[in-house]
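Each chain is listed here by its residues.
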Amino acid sequence: MGHGRSPRSRPNQRQGPAETRAPVRFGEAELARDPDRPGGWLLSVNGVAQSYVDLDDPEHLEFDYVRRIGDVVDLAHPAGQPLEVLHIGGGACTVARYVAATRKGSRQLVIEADGPLVELVREQLDLRSVPQLKVRVGDGRQETATRRDDTADLVVVDAFESALMPGPLATLEYTREVRRVLRSHGTYVANLADGGGLHFARRFAATLGAVFEHVLVMAEPGVFRGRRFGNLVAAASNDELPTAELARRTAGSAFPARCVAGQEFARNAKVLVDGEPVAPPQPPPDALGRT
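Note that the structure is a prediction, hence the values are computed from the model and not measured.

Rules of the game
- Residues numbered from 1 in each chain as written.
- Predicted model: local features only at pLDDT ≥ 70, side-chain atom pairs only at ≥ 80, totals over all residues.
- Heavy atoms only, no water.
- Helix = DSSP H or I, 4+ residues; strand = E, 2+ residues; numbered from the N terminus.
- Rg over C-alpha atoms; globule rule 2.2 N^0.38 Å.
- Buried < 20%, exposed > 50% of the residue type's maximum accessible area, 1.4 Å probe, protein only.
- Contact = heavy atoms within 4.5 Å.
- Areas by Shrake-Rupley, 256 points an atom, 1.4 Å probe, with all protein chains shown as cover.
- Lys, Arg positive; Asp, Glu negative; His and termini not counted.
- Charge placed at Lys NZ, Arg CZ, Asp CG, Glu CD.
- Pairing = 2+ DSSP bridges.
- Axes fitted to C-alpha atoms, helices over the stretch in contact; angles between N-to-C directions.
- Right-handed = clockwise from strand over helix to strand, strands pointing away.
- pLDDT = per-residue confidence, 0-100.

## Observations concerning the overall build of the chain
Helix and strand counts for the chain stand at 10 helices and 12 strands. For 291 residues, the compact-globule estimate of 2.2 N^0.38 gives 19 Å, and the C-alpha radius of gyration of the chain, at 18 Å, lies within 12% of that figure. By principal-axis analysis of the C-alpha atoms, the chain measures approximately 55 × 40 × 40 Å. In the chain, buried positions account for 55% of the 291 residues. If you take every contact in the chain between residues at least 6 apart in sequence, the share linking residues at least 24 apart comes to 71%. When the accessible surface of the chain is summed, it comes to about 12600 Å², and 49% of that surface belongs to carbon and sulfur atoms. Taking the average location of the 36 positive side-chain charges in the chain and that of its 38 negative ones, the two points are 2 Å from each other.

## Some remarks on the sheet that holds strand β8 (residues 152-157)
Here we have 8 strands laid out as an open sheet, ordered β7-β6-β5-β8-β9-β11-β10-β12, and mixed in their pairing. One side of each edge strand has no neighbouring strand; the edge strands of this open sheet are β7 (133-137) and β12 (258-261). Taking the axes of each pair of neighbouring strands and ignoring which way they run, one obtains an average angle of 15° across the sheet. Pairing between strand β9 (residues 182-194) and strand β11 (residues 230-237): 8 bridges, direction antiparallel. Directly across from A193, in β11, lies its bridge partner N231.

## A word on the pairing of β7
Pairing of strand β6 (residues 107-112) with β7 involves 5 bridges; the strand directions are parallel. Among the inter-strand pairings, V110 is bridged to a residue of β7, identified as V135. Taking the sense of rotation as the criterion, the β-α-β connection linking β6, helix α4 (residues 115-124) and β7 turns out right-handed.

## As for the confidence of the model for the chain
Of all residues in the chain, 91% attain a pLDDT of 70 or more, and the chain-wide mean is 90. Across residues 1-15, confidence stays below pLDDT 50; counting only partners more than four residues off in sequence or on other chains, it has 41 contacts.

Written out as structure tokens, the structure is:
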């Protein structure tokens, strides 16, 4: 999404309306100012929260699951080291902004399927100010296939359409593509949502385990117990993951979460493949909150 303006050039965000609505590819987007944080904005699509960003403090991660992704960003590679990052799914680019702020010099590419949403975020949420960030409109799986081998330190998949993770991003074949793009020390982190018996999430973890040597899953205890529908963050790498450090962080967070080894969580679940329909779980009506 380009480079350019400094944070000082944000008069629209400070003096403009507290709420903006606009048609986008997958419905209607709404940008709402956070009355408690001067730089805070919530992006929703069709009433489902998609992203929260603080233009004054990009290191502020409002949503619990985004904080878990941030923990992986912080701990899976040496502190402050610039990273080459591929993001599948953009929204308001919360994680990309966080990487740019905490790992200066990082080069990042975001693939977002919703072109009108990209334009809205670019114009209203000062995306041009994020250094060395490019945003490309396209299909996440197709665009991943165009990336060269061994070119990314980190791949982040946080793509939802109508509150569902696109099935083609969950399969063994796509996971192998992610592994191909990652460098040998690289890390894959993905956001998904599930409830009840967590059948989809367990199969997703099993799929990661078929490609990567190390897998872990993080979520709130109520989600792990199947008591409510919610987000789970999975991380995978062929290098050892910082499991102990992540477990300490998640346990000590404002909304404590658990960190579970992927093999334990998957419980011999069946791997997801392209040859069979992949149906991510439908959230209940009262669970439509996202990034």
